[in-house]
Amino acid sequence: MFIELDVSGDAVIEELIPTIQHKNPKVVATVIAAITEAVRQFGTKIVGPKMIAKQLAKIFDHKDNNVRTE
């Protein structure tokens with residue numbers, strides 16, 4: 001809903017990105033699912049892919065399998 005109200009979804013994604021470093025894998029998987037759904041719903045014109053692309057290495061190297069598959 002916040003992305004719908006904002007012209008750009010970058011502010012919302014900026015708030016979610018630091019949570020990828022969280023200790024709890026369930027939290028990390030949920031954040032990744034939220035980011036993925038935002039990109040699916042609004043596309044890359046609204047949700048900029050640059051910030052997300054910088055985090056891909058951390059996501060794919062995560063020790064928890066659920067995080068990597070999300």
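See the structure printed just above.
Described below are features of the structure shown in this document. (Residues numbered from 1 in each chain as written. Predicted model: local features only at pLDDT ≥ 70, side-chain atom pairs only at ≥ 80, totals over all residues. Heavy atoms only, no water.)

Comments concerning the side chain of H62
Along the chain, H62 falls in the loop between α4 (49–60) and α5 (65–69). Among the polar contacts listed, one links the side chain of H62 to the backbone nitrogen of D64, at a separation of 3.0 Å. The residues contacting H62, other than those within four sequence positions of it, are P25, V28, V67 and R68. (Helix = DSSP H or I, 4+ residues; strand = E, 2+ residues; numbered from the N terminus. Polar contact = N/O pair within 3.5 Å; in protein donor to acceptor, adjacent residues only side chain to side chain. Contact = heavy atoms within 4.5 Å.)

Looking at the pattern of salt bridges
Tallied over the full model, the rule gives one salt bridge. R40 is the partner of E37 in a salt bridge, and the nearest nitrogen-oxygen pair spans 3.9 Å. Taken together, the residues span about one helical turn, with E37 and R40 both in helix α3 (residues 25–46) at a distance of three residues. Take E37: its relative accessible area is 35%, and that puts it in the partly exposed class. What makes R40 exposed here is its relative accessible area of 64%. (Salt bridge = Lys/Arg side-chain N within 4 Å of Asp/Glu carboxyl O. Buried < 20%, exposed > 50% of the residue type's maximum accessible area, 1.4 Å probe, protein only.)

Digging into α4
When the terminal C-alpha atoms of α4 are compared, their 16 Å separation across twelve residues agrees well with the 16 Å that a helix rising 1.5 Å per residue should span. Residues of α4 that are buried: I52, Q55 and I59. Looking down the long axis of α4, one finds its buried residues gathered within 75° of arc, a one-sided arrangement. Exposed positions of α4 whose direction lies more than 90 degrees from the buried face are K50 and K54. Residues of α4 that are buried in the fold lie against α2 (10–16), α3 and α5. (Expected span 1.5 Å × (residues − 1). Arc of directions from axis to C-beta.)

Observations regarding the environment of A38
Secondary-structure assignment places A38 in helix α3. For A38, a relative accessible area of 7% gives the class buried. Measuring from C-alpha to C-alpha, the distance between A38 and I13 comes to 8.9 Å, with 25 residues separating the pair along the chain.

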